[in-house]
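Close look at the chain arrangement
Single-letter residue listing:
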Amino acid sequence: MKHNKSRIKPISIQKAQYYIVLLALLPALFIIGLSEGKRARQFEDIVAKEALNQASSVAALQFSITESTRQILATLANLPEFKRLDAQLMTPIIKNMHAANEAYLNFTVTDNQGIVVASSRLSPGTSVKGRSHIEAVFKTQEFSPGSYIVGLVENTPSFSYAYPIISDKGELKGAITATYKLSSYESYMNSIEKQNNTVLGMVDRYGTRLYFFPPLETNPIGKPIKYEIWNRMQQGADQGVFLDVGSDGFKRYYGYKKLRVSENKEPYMFVVYGIPYSVVTDRVLPILYQELGLIILVMILAFGITRLLYGPLFGNRLRQLVYLTEQIQAGSTETTELDPDSTPDLGQIQNAIFQLMKGLEVQKNARLAYEKELNEALQGKNMLIKEIHHRVKNDFQLILSMVRLQSENSKNIEEFRSAMEGRIASMLLVHQMLYETENQEYINLGIYGQKIMELVISLKDVLKPINIDIQTDEIHAPLDKTITFGLLLNELVTNSLKHGIPKDKDPCFTLILKKQDQFVSLHYKDNGPGLPDNFSITTSKGLGMQLAIALSEQLGGNLRWDNCGGACFYVVFPLGAKG
């Protein structure tokens, strides 16, 4: 009988043990490679999300600044002295506004030819014609952010906004502008924990660099950003993250967010936050090198231990077996007693160690998850505190403007107190409802409207009980819309308390809110004697009705009025983001 020859060259058992040790360690090397690859991808995802989250946070901060600026400019543009372009009366107002808002570089009022009429820093007669934000206002008669310009006041990274000034006859009289100092973001960047070579940039709609932190010669203000980065942001979604090499040669994860005045408008600014890719390599490579070094050390030790233990564990017993087979081959019937083979229960020990490591892994994962929750909760708390500061600041600015207006139109302190009490209380009610609910961004207009009506009526001395009729859809509005809505409703209810109480029947105030796609229809009426013949709010001397028109326009609608068994008021305005 012929035997097939083995293709594997026979080797000694000792050498085979070395090969087994080596082969046993190869899967560990493969697993380490896979594990570190997975770790790198996970950490890349974490860094990418962090870049996007930081870009979104700065974008949210910039958006709140834009909305705050819009409210300030809209309030000023609706003042009578601004509609008349009265430079003597406008100048102290805008200088006081600038003094109260140090984050702004300048406030300026121009006529419809772009010539400065009044300014907190520029000289009257200076021409700013041709500035993109001013020309946009003259063209569209809408609030308009600007683009990069060389400042006339000082060479500080800044961004300008403009708002049209419309006369009572609907004529464009000019524009009011505000320039915000982007250098204010330095304090934000200095306050957060970040890696070296982390950058924050702001780019206008043309790809020109408005702001860059920290300042670098490779990234000058007023120059276009790298084309590849600009193209990816411009062609991408409203927000995103990508890996690319910046103008300074550093490879980074860039998170970006586009800012728009409204959904149907082109972006006016791009916020970019870059985290260097070295954060990933600095985190992963040391662990990889450490684990590879440990595997090599284990391999050397395993070879040495195998050599040392070969004899006691295998060699002696193998020699006994060889001797026994030689005796049998020689035909000897004499038996040889082998040494006892007491093998320890390694399986039980291995299982105990595995269970211990598994328990430690569970504890470790629980600890990491708890630390992550704590960090997320801390970050959320910090952002909430910043948002509350911005809300309070905006409310104080609005209250200050109303106090100034009311003080100019009040004959005595009691009239001033009565007028301001309902307005401030309506703003307080918004914050009370915010803090009593889990949602910190949106308010139910129906519930808020009913509370406003009950609150304003309770503040007045009325001789008859007043019935309140609320007919409303489920409508949720953002904070800025809600505050303006509350102030408008306050003025309408206050007007009804003054002029809409019937003598021959029980008074009734009715509020009807209907949602129409992305718009809200507001219908308010009382059952009083109604409006006088040829009544016009535009010629009314009362500050309340003038505020009602301004607040309606600030909501994005136009106030209409009629007699329908009493005084009736109508306004339709866009709702906002949620609905």
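Structure's up top.
Owing to the predicted nature of the structure, the values given are computational and were not obtained by experimental measurement. (Residues numbered from 1 in each chain as written. Predicted model: local features only at pLDDT ≥ 70, side-chain atom pairs only at ≥ 80, totals over all residues. Heavy atoms only, no water.)

Some points on the packing of helix α10 (residues 445-459) against helix α11 (residues 479-499)
The test is simple: Axis lines are fitted to C-alpha atoms, over the contacting stretch for helices. Their N-to-C directions set the angle, which ranges from 0 to 180 degrees. Here a strand is any run of E in DSSP of at least two residues, a helix any run of H or I of at least four, and the numbering for each starts at the N terminus. Roughly parallel refers to an angle under 35 degrees, roughly antiparallel to one over 145, roughly perpendicular to one between 65 and 115, and oblique to any angle outside these ranges. For any helix crossing, the convention is left-handed if the near helix is rotated counterclockwise from the far helix by under a right angle, and right-handed if that rotation is clockwise. Here, two residues are considered to be in contact whenever any of their heavy atoms come within 4.5 Å of each other. Ten residue types, Ala, Val, Leu, Ile, Met, Phe, Trp, Tyr, Cys and Pro, are classed as nonpolar, four, Asp, Glu, Lys and Arg, as charged, and the remainder, Gly among them, as polar.
Interaxial distance between α10 and α11 falls to 9 Å at its minimum, and their mutual angle equals 40 degrees. Of the possible angle classes, the one that applies to α10 and α11 is oblique. Remark: the crossing between α10 and α11 carries right-handed chirality. Between α10, through Leu-445, Tyr-448, Gly-449, Ile-452, Met-453, Val-456 and Ile-457, and α11, the contact on the second element is made entirely by Thr-482, Phe-485, Gly-486, Leu-489, Asn-490, Val-493, Thr-494 and Leu-497. Its residues assigned to classes, the contact of α10 with α11 comprises 10 nonpolar, five polar and no charged.

Focus: the sheet that holds strand β12 (residues 467-472)
Definition in use: The pairing criterion for strands is at least two bridges between them, as found by DSSP.
One open sheet accounts for five strands, arranged β12-β14-β15-β17-β16; its pairing is mixed. Edge strands, defined here as strands with exactly one partner in the open sheet, are β12 and β16 (560-563). Taking each pair of neighbouring strands and ignoring which way they run, the sheet shows an average axis angle of 15 degrees. Pairing between β12 and strand β14 (residues 508-516): six bridges, direction parallel. In the strand pairing of β14, Thr-472 is matched with Leu-513. Packing of α11 onto the sheet brings it into contact with β14, β15 (519-526) and β17 (567-574), and relative to β15 it is tilted by some 15 degrees.

Quick notes on the packing of aromatic side chains
What counts here: Ring pairs are drawn from Phe, Tyr and Trp, using the six-membered ring of Trp, whenever the two centres fall within 6.5 Å, and their geometry is named by plane angle: stacked under 30 degrees, edge-to-face over 60, tilted for the rest. Each residue gets one of three labels from its accessible area relative to the maximum for its type: buried under 20%, exposed over 50%, partly exposed in between, using a 1.4 Å probe on protein chains only. Two conditions define a charge sitting above a ring: the NZ of Lys or the CZ of Arg must be within 6 Å of the ring centre, and it must be within 35 degrees of the ring normal.
Counted under the stated rule, the structure contains 12 aromatic pairs. Judged by centre distance (6.3 Å) and plane angle (45 degrees), the ring pair of Tyr-448 and Phe-485 falls under tilted. Here the residue Tyr-448 occupies a position in helix α10, and Phe-485 occupies one in helix α11, the gap between them amounting to 37 residues. The exposure classification of Tyr-448 matches that of Phe-485, with both residues buried. Among the aromatic residues, those joined into a ring-pair cluster are Phe-143, Phe-159, Tyr-161, Tyr-163 and Tyr-268. We note Lys-251 situated over the ring of Tyr-277; from NZ or CZ to the ring centre the distance is 4.7 Å.

So, the pattern of salt bridges
Note the threshold: Here a salt bridge means any side-chain nitrogen of Lys or Arg lying within 4 Å of a carboxyl oxygen belonging to Asp or Glu.
Using the criterion set out here, one finds eight salt bridges in the structure. For Arg-232, the salt bridge goes to Asp-244, with nearest N and O atoms at 3.8 Å. Residue Arg-232 is located in helix α6 (residues 227-235), and its partner Asp-244 is located in strand β8 (residues 239-245); the two are separated by 12 residues in the primary sequence. Taking relative accessible area as the criterion, Arg-232 reaches 39% and is therefore assigned partly exposed.

Quick word on the nonpolar core
Here is the rule: In this description, a nonpolar core means a group of buried Ala, Val, Leu, Ile, Met, Phe, Trp, Tyr and Cys residues linked to one another through side-chain atoms lying within 4.5 Å.
Formed by 55 residues in total, the largest nonpolar core has its most connected members in Phe-82 and Ile-176. Of the residues forming this core, the biggest block, 14 residues, is contributed by helix α1 (residues 13-77). What Ile-176 contacts, discounting residues up to four positions off in sequence, is Leu-73, Leu-76, Ala-77, Phe-82, Thr-108, Val-109, Tyr-161, Ala-162, Tyr-163 and Ile-165. Counting residues in hydrophobic clusters, the runner-up holds 37 residues, among them Phe-509, Leu-522, Met-545 and Leu-559.

A word on empty space enclosed by the protein
In this approach, a probe sized like a water molecule rolls over the atoms, and the result shows the empty space that is left. Selection criterion: Cavities and pockets are found on a 1 Å grid laid over the protein atoms alone: a cavity is a set of points where a 1.4 Å probe fits but cannot escape, a pocket is an open set with protein on both sides within 12 Å along at least five of seven lines, and a lining residue has an atom within 4 Å of such a point. Grid points are joined across faces, edges and corners, and a volume is the space filled by probe spheres set on the points.
What the rule picks out here adds up to three cavities of 30 Å³ or more. In this model, the second largest cavity occupies a volume close to 170 Å³. Along the wall of the second largest cavity there are 17 residues; nearest its centre are Phe-212, Asn-219, Ile-225, Tyr-254 and Val-272. At the level of elements, β6 (199-204), β7 (209-213) and α6 are the ones that each hand at least two residues to the lining of the second largest cavity. Top element by residues in the lining of the second largest cavity is β6. It accounts for five residues. Class assignment of the residues belonging to the lining of the second largest cavity gives a composition of 11 nonpolar, four polar and two charged.

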